[in-house]
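Examination of the molecular architecture
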Amino acid sequence: LSLRTVNSSRSAFASFLFAPLFFQRYEAGGPQPDRELLRCKVLMKSFLGVFRSLPSLEKTVGKCLILLKPRASRLVVQLHCKYGVTKTHNLAFQECERLQAVFDTQRCASSLRAPARVLAEAVVHFPQTLAEVTLGAGPGGKISLQNYVEDEAELSKTMVTELQLAEDEFQTVAVAPGSRITFCLKEFRGLLTFAEASNLPLTIHYDVPGRPVVFTLDDTVLEVHLVLATLSDPERGSRPPTANGVSHLPAPSDDFADDLESYMIAMETSAYEEGSGMPPSPTFPLRTPRPAESDPEEEEEEEGAVPGTPPHKK
């Protein structure tokens with residue numbers, strides 16, 4: 001059973017793959033002749049509403065039964081509670097194409113592996129309102145986590161929080177010296193919560209800034225991938241992108257609002273023209289230098305100039 005999703009800005013992709021042994025009982029419906037396995041999509045808000053208040057569900061629900069009814073276009077979720085109470089949720093779904101981001105973690109230049117608890121205790125020092133965090137490899141093999149500060153911000157008026165983790169805090173460390181990437185902290189927190197509850201170590205694969213960072217959780221019955229966009233480095237804007245399995249495009253137009261599969265394929269396999277340089281990240285667009293402000297008096301004079309007259313002498 002696979003669960004895949006992508007956010008509205010197409011900057012984050014998550015994939016959860018459950019083996020049959022993960023469930024107490026798993027019965028896969030046989031595919032119809034000349035037809036592939038059923039793939040469908042449901043509204044995320046409706047699906048998550050079934051499992052709201054997890055602490056309460058753990059105390060009252062004995063088992064959960066998930067049924068897929070293709071003919072009725074319904075995804076049925078039954079919660080068998082105490083005292084013989086059964087809650088049934090019928091969710092409408094639509095058939096869709098396969099949603100998959102193509103990436104190759106073996107071609108990433110840097111990788112880290114650490115217990116989820118270590119990283120969860122590190123990010124707890126950052127405020128909940130923080131949007132981006134920077135992960136970097138420092139001297140002496142230390143790994144740093146720092147809140148991202150924009151170039152335009154005044155450092156004297158900005159609070160900077162930085163944590164450094166020793167190399168022995170990680171299970172494996174293979175990073176490029178001086179490498180740094182910036183990504184969204186909200187999605188990272190969510191994955192750490194799941195990894196800590198599952199008691200699974202987290203592996204981080206990343207390359208140069210502007211290339212995606214891949215977080216993975218591996219187990220005998222569970223496989224999780226989270227792909228996040230990273231902030232592009234303006235200094236590398238004129239350099240060709242390094243080899244990797246995922247490519248980034250700017251945020252899609254409104255025509256791509258419902259066509260997730262088309263955009264994911266375009267994001268993964270697009271080729272760039274020569275001299276175009278690295279495209280901006282879909283989450284963090286590149287900041288271009290502002291043009292020099294013109295004198296407002298000159299603009300007024302030019303607007304009021306009579307056509308055919310020579311320009312004013314400066």
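Residues numbered from 1 in each chain as written. Predicted model: local features only at pLDDT ≥ 70, side-chain atom pairs only at ≥ 80, totals over all residues. Heavy atoms only, no water.

1. A look at the packing of aromatic side chains
Here is the rule we go by: Any two rings among Phe, Tyr and Trp, with Trp reduced to its six-membered ring, count as a pair given centres within 6.5 Å; such a pair is stacked if its planes are under 30 degrees apart, edge-to-face if over 60, and tilted if neither. Categorising residues by exposure relies on relative accessible area from a 1.4 Å probe, with only protein chains included: less than 20% of the type maximum marks a residue as buried, more than 50% marks it as exposed, and the intermediate range marks it as partly exposed. Each helix is a run of DSSP H or I of at least 4 residues and each strand a run of E of at least 2, with the numbering of both proceeding from the N terminus.
Going through the model one piece at a time under the given rule, you end up with 9 aromatic pairs. An angle of 25 degrees between the planes, with centres 5.6 Å apart, marks the rings of Phe-23 and Tyr-26 as stacked. Tyr-26 gets classed as partly exposed once you look at its relative accessible area, which sits at 37%. For the pair Phe-188 and Phe-215, a centre-to-centre distance of 5.1 Å together with 35 degrees between the ring planes defines the contact as tilted. Of this pair, Phe-188 sits in helix 4 (residues 185-198) while Phe-215 sits in strand 15 (residues 213-218), placing them 27 residues apart in sequence. Residues Phe-188 and Phe-215 agree in their burial class; the two are buried. Taken together, the ring pairs in this structure connect Phe-18, Phe-22, Phe-23 and Tyr-26 into an aromatic cluster.

2. Overview of unusual backbone geometry
The backbone of Tyr-83 sits at a positive phi, close to 60 degrees, despite the residue not being glycine. With respect to the helices and strands, the residue Tyr-83 is situated in the loop between strand 5 (74-81) and strand 6 (86-92). Not every positive phi belongs to a glycine, and Asn-199 is a case in point at roughly 55 degrees. Inspection of the secondary structure assignment puts Asn-199 in the loop between helix 4 and strand 14 (201-206). Note on Asn-199: relative accessible area 68%, which makes it exposed.

3. Some details on the pattern of salt bridges
Using the following cut-off: A side-chain nitrogen of Lys or Arg and a carboxyl oxygen of Asp or Glu constitute a salt bridge if their distance falls within 4 Å.
Tallied over the full model, the rule gives 2 salt bridges. The salt bridge involving Arg-25 is made with Glu-27; its shortest N-O contact spans 3.9 Å. Taken individually, Arg-25 and Glu-27 each receive the classification exposed, so the pair is uniform in this respect. When the shortest N-O distance is used, the salt bridge between Glu-121 and Arg-117 registers 3.6 Å. Of this pair, Glu-121 and Arg-117 are both found in helix 3 (residues 116-123), 4 residues apart, which corresponds to roughly one turn of the helix. Overall, Arg-117 belongs to the partly exposed group, its relative accessible area being 45%.

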